[in-house]
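Analysis of the macromolecular model
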Amino acid sequence: MVPAKFVEVEFRMADERVSARGGMETSFGFREVGAGEKQPLVNDVFHKVAKRYDIMNDVMSAGLHRVWKDAMIAALNPPSREDYRVLDVAGGTGDIAFRIVERSGRKAHATVLDINGSMLSVGAERARKKGIDANLDFVEANAEDLPFAANSFDAYTIAFGIRNVPRIEVALKEAHRVLKRGGRLLVLEFSEVEMPLLDRFYDAWSFNAIPKFGKLITGDDAPYQYLVESIRKFPNQRDFAAMIRDAGFARVSFTNYTGGIAALHSGWKI
Ligand SMILES: C[S@@+](CC[C@H](N)C(=O)[O-])C[C@H]1O[C@@H](n2cnc3c(N)ncnc32)[C@H](O)[C@@H]1O
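Notes on the structure in this doc start here. (Residues numbered from 1 in each chain as written. Predicted model: local features only at pLDDT ≥ 70, side-chain atom pairs only at ≥ 80, totals over all residues. Heavy atoms only, no water.)

Focus on the overall build of the protein chain
The helix and strand tally for the protein chain stands at nine helices and 10 strands. In summary, the protein chain has a C-alpha radius of gyration of 17 Å against a globular reference of 18 Å for 270 residues, a match within 12%. Along the first, second and third principal axes, the C-alpha atoms of the protein chain reach 45 × 45 × 40 Å. By the burial criterion, 55% of the 270 residues in the protein chain qualify as buried. When contacts within the protein chain are restricted to residue pairs at least 6 apart in sequence, long-range pairs at least 24 apart make up 77% of them. Within the structure as shown, the protein chain displays about 12,000 Å² of accessible surface, and the carbon and sulfur contribution to it stands at 53%. If you average the places of the 37 positive and of the 36 negative side-chain charges in the protein chain, the two averages end up 4 Å apart. (Helix = DSSP H or I, 4+ residues; strand = E, 2+ residues; numbered from the N terminus. Rg over C-alpha atoms; globule rule 2.2 N^0.38 Å. Buried < 20%, exposed > 50% of the residue type's maximum accessible area, 1.4 Å probe, protein only. Contact = heavy atoms within 4.5 Å. Areas by Shrake-Rupley, 256 points an atom, 1.4 Å probe, with all protein chains shown as cover. Lys, Arg positive; Asp, Glu negative; His and termini not counted. Charge placed at Lys NZ, Arg CZ, Asp CG, Glu CD.)

Some details on the site of the ligand
The immediate surroundings of the ligand are formed by 20 residues, with Gln39, Ala90, Asp114, Asn142 and Ala143 found nearest. Between the ligand and Ala90, the relevant distance is 2.8 Å, taken from a nitrogen atom to a main-chain nitrogen or oxygen of the residue. Between Asp114 and the ligand, the recorded distance is 2.6 Å, taken from a side-chain N or O atom to an oxygen atom. Using a 2 Å cut-off from the grid points, one finds that the ligand occupies the largest pocket. Every element with two or more residues in the shell around the ligand is listed here: α1 (38–49) and α2 (53–61). At three residues, the largest contribution of residues to the shell around the ligand is made by α1. (Near = heavy atom within 4 Å. Polar contact = N/O pair within 3.5 Å; in protein donor to acceptor, adjacent residues only side chain to side chain. 1 Å grid on protein atoms, 1.4 Å probe; cavity = no way out; pocket = protein on both sides within 12 Å on 5 of 7 lines; lining within 4 Å. Sits in = over half its atoms within 2 Å of the grid points.)

Brief notes about unusual backbone geometry
Phi at Ala90 is positive, roughly 55 degrees, even though this residue is not glycine. Tracing the sequence through the fold places Ala90 in the loop between β4 (85–89) and α4 (95–103). In this model, Thr258 sits at a positive phi of 50 degrees, which is unusual for a non-glycine residue.

Looking at the packing of aromatic side chains
For the coordinates displayed, the defined rule picks out nine aromatic pairs. Note on Trp68 and Phe160: the rings are 6.2 Å apart at their centroids and 55 degrees apart in plane angle, and the pair reads as tilted. Of this pair, Trp68 sits in helix α3 (residues 64–76) while Phe160 sits in the loop between β7 (153–159) and α6 (168–178), and the two are 92 residues apart along the sequence. Exposure class is identical for Trp68 and Phe160. Each is buried. Centre to centre, the rings of Phe148 and Phe153 are 5.1 Å apart; their planes meet at 85 degrees, and the pair counts as edge-to-face. By relative accessible area, Phe148 is classed as buried at 18%. Each residue in the set Trp68, Phe160 and Phe190 is aromatic and connected to the rest through ring pairs, giving one cluster. (Phe/Tyr/Trp six-rings, centres within 6.5 Å; stacked < 30°, edge-to-face > 60°.)

Structural notes on the pattern of salt bridges
Evaluation of the coordinates by the stated rule reveals 16 salt bridges. Glu125 is the partner of Arg128 in a salt bridge, and the nearest nitrogen-oxygen pair spans 2.8 Å. Taken together, the residues Arg128 and Glu125, both in helix α5 (residues 117–130) and three residues apart, mark about one turn of the helix. Note that Asp203 is salt-bridged to Arg232, the shortest N-O span being 2.6 Å. Placement of Asp203 in helix α7 (residues 198–218) and of Arg232 in helix α8 (residues 222–233) is noted, with a sequence separation of 29 residues between them. The class for Asp203 is partly exposed, based on a relative accessible area of 36%. For Arg232, a relative accessible area of 16% translates into the label buried. Connected through salt bridges with shared partners, the residues Asp54, Lys69, Asp95 and Arg126 form a single ionic network. (Salt bridge = Lys/Arg side-chain N within 4 Å of Asp/Glu carboxyl O.)

Some details on the layout of surface pockets
Counted as a void, the largest pocket has a volume near 770 Å³. As for the largest pocket, its lining consists of 48 residues, of which Tyr53, Asn57, Phe160, Arg163 and Phe190 are closest to the centre. Considering every element that reaches the lining of the largest pocket, the biggest residue donor is α7, with six residues. Partitioned by chemical class, the residues of the lining of the largest pocket number 28 nonpolar, 15 polar and five charged. (Points joined across faces, edges and corners; volume = space filled by probe spheres on them. Nonpolar A, V, L, I, M, F, W, Y, C, P; charged D, E, K, R; others polar.)

Details of the packing of α1 against α8
With their axes 9 Å apart at the nearest point, α1 and α8 run at an angle of 125 degrees to one another. When the axis of α1 is compared with that of α8, the two are oblique. For the pair α1 and α8, the sense of crossing is left-handed. In this structure, α1 uses Lys38, Val42, Val45, Phe46, Lys48 and Val49 to contact α8, whose residues at the interface are Pro223, Tyr224, Tyr226 and Leu227. Residues belonging to the contact of α1 with α8 are distributed by class as follows: eight nonpolar, no polar and two charged. (Axes fitted to C-alpha atoms, helices over the stretch in contact; angles between N-to-C directions. Parallel < 35°, antiparallel > 145°, perpendicular 65-115°, else oblique. Left-handed = near helix turned anticlockwise from the far one by under 90°.)

Here you go:
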């Protein structure tokens, strides 16, 4: 289900790689909004879903998000070192940061950064219950304007977060700035399904089942309608890889998970 090998990306000319799914800064799902209007709407979604976010992830992905997240951490393979520092951006309730800390044998340090205090509160409480809060800190800030010095982190991770950030190019440049030389970028995001038939099933599941489950479990389907629409607006694997390279990263590659429902993108600051 999870291919182990990354696909090296062949880059096309800049004018050929304009994504059919562009305009992320001014799209809130399928709705066009003004510049500067997207972030408050996104924040509203995650304030509403924060308390039920973790259970909804299991329901929406039939548990697959755990497999994809585990595969991301296996790709990162954090060393068992106390000076290894990871920045997990749009880290929400902590799933990625917790896995990194555990995989390093509770040695590495992870900073969970998110723009949304409600998501971070749930994460901080989960960390406390797991007894790993000493390896973590929680920072409320914007991915587009990171409150850290250049060359601060060994790795930058972001899972299911980048498509919610209005100015993706700015966030990727910030990722490059805060990474040390030799540092690794890993982006896990929903992507374009590249398997015939699976795409039809996935569309039916996304647009019919997910908002209904959202309503049943949280009492509101609107946030989940946004989530499924925002996935369709996000650039496909190759276009997003090109954006990563444009931000200055080298050796950019991606690997599809579950036929491309999700993809893990990788790049290095050299
Ligand atoms: C779908 S959740 C992902 C949470 C977590 N990474 C995971 O995989 O479970 C997306 C997160 O992105 C955060 N987010 C949205 N825009 C952001 C921004 N500009 N800067 C930082 N975080 C942002 C949201 O607040 C939300 O917590």
